[in-house]
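These are the residues of each chain, in order.
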Amino acid sequence: MNKKGILVVVSGFSGAGKGTLMKMLMENYDNYSLSISATTRAPREGEVNGKDYFFVTKEEFQRMINNDELLEYAQYVDNYYGTPRSYVESELEKGKDVILEIEIQGALSIHGRYPDSLLIFVTPPSAKELKRRLINRGTETEENIKKRLNRAAQEAVGVENYDYILINDDLNESLERLHKLIQDQHMRVCHQLDFISDMSKQLRTLE
Ligand code: 5GP
């Protein structure tokens, strides 16, 4: 069996339901590790430092960039977001499938570094539904919702670089689909090369 875990990048329009989906993935299955990003954005009500994000100052974020502590980082709306490197690398070594919930610039940069990563783009079934979810969430100001809808329109531009689009209509159905996509990725040749090479060695030594 393949020993190293798979790096799974999940992106999607703000309000697509990614956060809920990731939470369900962690609660329902064992082999996933969710990376916690660093951000310069202020915590929303109920968000906990070290659980939802590492909330840092711009100076601290810059220090992390300078020390090469981030696997990738990007600016989103008015703030910076980045993936701490050490957690991702050590979880992959342990054989965990590591989930990064990040926006598109970061996703593409990860794909450049880890060509065997799996890129999944989550979207609500329609633009109207996306706006409705953003408003219902009640965490964003009207101005911020406008910015996020604008950004969403731009994000659709790079979507052809993803492996799969997941239309999140029903959460339970999406959860099963997502889990299956990740499990299927383990069977791809790029993740089974060690297995095949061991097998070849054994075949040569068989009487
Ligand atoms: P939010 O402010 O809604 O928590 O996140 C805004 C956007 O930043 C979302 O699209 C989210 O996926 C993305 N994001 C969160 N963490 C990271 C990260 O570490 N790197 C990048 N590139 N994007 C991130």
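For the structure itself, consult the block above.
Note that this is a predicted model, so its numbers are computed, not measured. (Residues numbered from 1 in each chain as written. Predicted model: local features only at pLDDT ≥ 70, side-chain atom pairs only at ≥ 80, totals over all residues. Heavy atoms only, no water.)

## Focus on the nonpolar core
So, point 1. With 19 residues, the main nonpolar core has Leu7, Val9, Val88, Leu100 and Ile110 as its most contacted residues.
So, point 2. At the level of elements, strand S1 (7-12), helix H3 (85-93), strand S7 (97-101), helix H4 (104-113), strand S8 (118-123), helix H5 (127-137) and helix H6 (142-155) are the ones that each hand at least two residues to this core.
So, point 3. For this core, the element with the highest residue contribution is H4, accounting for three residues.
So, point 4. Setting aside its immediate chain neighbours within four residues, Leu7 contacts Val88, Leu92, Val98, Leu100, Ile110, Tyr114, Ser117 and Leu118. (Core = buried A, V, L, I, M, F, W, Y, C linked by side-chain atoms within 4.5 Å. Buried < 20%, exposed > 50% of the residue type's maximum accessible area, 1.4 Å probe, protein only. Helix = DSSP H or I, 4+ residues; strand = E, 2+ residues; numbered from the N terminus. Contact = heavy atoms within 4.5 Å.)

## Details of the sheet that holds strand S5 (residues 70-76)
So, point 1. Pairing is mixed across the open sheet formed by four strands, whose spatial order is S4-S3-S6-S5. A strand with exactly one partner marks an edge of an open sheet, and here the two such strands are strand S4 (54-55) and S5.
So, point 2. Here H3 sits on the sheet in contact with S5 and strand S6 (79-84), set at roughly 30 degrees to S6. (Pairing = 2+ DSSP bridges. Axes fitted to C-alpha atoms, helices over the stretch in contact; angles between N-to-C directions.)

## Looking at the site of the ligand
So, point 1. Contacts to the ligand come from 16 residues, most closely from Ser37, Arg41, Tyr53, Tyr81 and Glu103.
So, point 2. A distance of 3.0 Å separates an oxygen atom of the ligand from a polar backbone atom of Gly82.
So, point 3. One nitrogen or oxygen atom from the side chain of Glu103 is found 2.6 Å from a nitrogen atom belonging to the ligand.
So, point 4. Compared with its free state, where it exposes 510 Å², the ligand has 95% of that area covered by protein.
So, point 5. Elements that contribute at least two residues to the shell around the ligand include exactly S5 and S6. (Near = heavy atom within 4 Å. Polar contact = N/O pair within 3.5 Å; in protein donor to acceptor, adjacent residues only side chain to side chain. Areas by Shrake-Rupley, 256 points an atom, 1.4 Å probe, with all protein chains shown as cover.)

## Focus: helix H7 (residues 171-186)
So, point 1. Taking 1.5 Å per residue, 16 residues should reach 22 Å; H7 reaches 23 Å between its end C-alpha atoms and fits that length.
So, point 2. Along H7, the residues classified as buried are Ser174, Leu175, Leu178, His179, Leu181, Ile182, Gln185 and His186. On an axial view of H7, the arc spanned by its buried residues comes to 155 degrees, and they lie on one face. Opposite the buried face of H7, at more than 90 degrees from it, the exposed residues are Asn172, Glu176 and Lys180.
So, point 3. Buried residues along H7 sit against S1, helix H1 (18-28), strand S2 (32-34), S7, S8 and strand S9 (164-167).
So, point 4. Put simply, Asp170 is the residue that caps the front of H7, since its side-chain oxygen is 3.2 Å from the backbone nitrogen of Asn172. (Expected span 1.5 Å × (residues − 1). Arc of directions from axis to C-beta.)

It is worth stressing that arrangement in space is one thing and function is another; only the former is reported here.
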